[in-house]
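Below are the chains, spelled out letter by letter.
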Amino acid sequence: MPHPTVILTDIEGTTSSISFVKNVLFPYARNALPGFIAAHGQQPEVRRWLDVVAVEIGGACQDSLIVETLQGWIDQDRKHTALKALQGMIWEAGYRNGDYKAHFYPEVAAMLSGWHAEGKPLYVYSSGSVPSQKLFFGFSEAGDLTALVSGWFDTEIGGKRDAASYRNIVQAIGVPANQIVFLSDVVEELDAAREAGLQTRLLDRLEDYPLPRTGDATNGHDRVENFQQITL
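(A) Structural context of the packing of aromatic side chains. All chains considered together, the criterion is met by 14 aromatic pairs. Look at Tyr 125 and Phe 182: their rings are 6.4 Å apart centre to centre, the planes differ by 45°, and that puts the pair in the tilted class. Within this pair, whereas Tyr 125 is found in strand β2 (residues 122-125), its partner Phe 182 is found in strand β4 (residues 180-184), the two being separated by 57 residues in sequence. Comparing Tyr 125 with Phe 182 shows no difference in burial state: the two are buried.

(B) Summary view of the layout of surface pockets. Each pocket or cavity is described by its volume, and for the largest pocket that value is around 490 Å³. Taken together, 29 residues line the largest pocket, and the ones lying closest to its centre are Asp 10, Glu 12, Lys 79, Ser 126 and Ser 127. Within the residue set of the lining of the largest pocket, elements represented by two or more residues are α1 (18-40), α4 (81-96) and α6 (130-138). Among the residues making up the lining of the largest pocket, the classes are represented as ten nonpolar, nine polar and ten charged. For the second largest pocket, the calculated volume is near 160 Å³. Around the second largest pocket sit 15 residues that line it, and Glu 45, Trp 49, Ala 85, Ser 129 and Pro 131 are the ones nearest its centre. Elements with a contribution of two residues or more to the lining of the second largest pocket: α2 (44-56), α4 and α6. At five residues, α4 tops the list of elements feeding residues into the lining of the second largest pocket.

(C) Region of the structure containing the packing of α1 against α4. Where α1 meets α4, the closest approach of the two axes is 9 Å, and the angle between their N-to-C directions is 95°. Here α1 is positioned roughly perpendicular relative to α4, judged by the angle of their axes. Taken together, the residues of α4 that come into contact with α1 (itself represented by Phe 20, Leu 25, Phe 26, Tyr 28, Ala 29, Ala 32, Leu 33 and Phe 36) are Lys 84, Leu 86, Gln 87, Met 89, Ile 90, Trp 91, Ala 93, Gly 94 and Tyr 95.

(D) Here's a closer look at α4. Along its 16 residues, α4 runs 23 Å from first to last C-alpha, staying within 8% of the 22 Å computed at 1.5 Å per residue. Inspection of α4 places Ala 82, Leu 83, Lys 84, Ala 85, Leu 86, Gln 87, Gly 88, Ile 90, Trp 91, Gly 94 and Tyr 95 among the buried residues, and these make up the whole buried set. Its buried side turned inward, α4 meets α1, α2, α3 (63-76) and α6. A positive phi of about 75° marks Gly 98, the residue just after α4.

(E) A look at the sheet that holds strand β3 (residues 151-153). Taken together, six strands build an open sheet; the order of strands is β3-β2-β1-β4-β5-β6 and the sheet is parallel. Two strands in the sheet have a free side with no partner beyond their single neighbour: β3 and β6 (222-224). The average angle at which neighbouring strand axes cross in this sheet is 25°, direction not considered. Across three bridges, strand β5 (residues 199-203) lies against β6 in parallel orientation.

(F) Quick look at α6. The element α6 is largely enclosed, with a buried count of seven among its nine residues. Val 130, Ser 132, Gln 133, Leu 135, Phe 136, Phe 137 and Gly 138 are the residues of α6 that are buried.

Rules used in this analysis
Residues numbered from 1 in each chain as written. Predicted model: local features only at pLDDT ≥ 70, side-chain atom pairs only at ≥ 80, totals over all residues. Heavy atoms only, no water. Phe/Tyr/Trp six-rings, centres within 6.5 Å; stacked < 30°, edge-to-face > 60°. Helix = DSSP H or I, 4+ residues; strand = E, 2+ residues; numbered from the N terminus. Buried < 20%, exposed > 50% of the residue type's maximum accessible area, 1.4 Å probe, protein only. 1 Å grid on protein atoms, 1.4 Å probe; cavity = no way out; pocket = protein on both sides within 12 Å on 5 of 7 lines; lining within 4 Å. Points joined across faces, edges and corners; volume = space filled by probe spheres on them. Nonpolar A, V, L, I, M, F, W, Y, C, P; charged D, E, K, R; others polar. Axes fitted to C-alpha atoms, helices over the stretch in contact; angles between N-to-C directions. Parallel < 35°, antiparallel > 145°, perpendicular 65-115°, else oblique. Contact = heavy atoms within 4.5 Å. Expected span 1.5 Å × (residues − 1). Pairing = 2+ DSSP bridges.

Pasting the structure below:
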């Protein structure tokens, strides 16, 4: 297997703690949804996603029902593209108002900067929408990290547990699949990436996974506890 020349990374549980997303970002979006939809629901970019939700739950319906549905999806941590797009719009206000900064594990920014300096392109693939990814990297505890990222992918390119999504990403990046390493904390995502020919690293952070995943639980993926243990 050649040394990877391109890094593709997940965010939640990989670069950043699961608890920040679940305990800060999700509640913020849930609480803000009714007011956000009331104020911006007729704007074309917002209406587009509200209509997607309406179709899914049975056609024409009041925005109040759509809001309840979206809040339920937040509680379920549903990876729905419409929800992720609307959350990203809400989170932007929170970032710009200084209500919070995006969490990154302490070693991540330095490692990403080092790989960038070595000429290894970095791409992000997260279930969060591309705009929310850019906000996450742009308003991080370590400062603006967006300059380190060469490209962004979300579930509009496909689900993260589907091998076809990673094939689409390989085509978009334009290098052979075996030159790309995918970093994630989710074994099923890594399985799909490996099926598409990518190299993989399983992030198994004690903060997010107190019981280390070893042996059969890793399904053969190289396991690391932090970015400093990743060899490229």
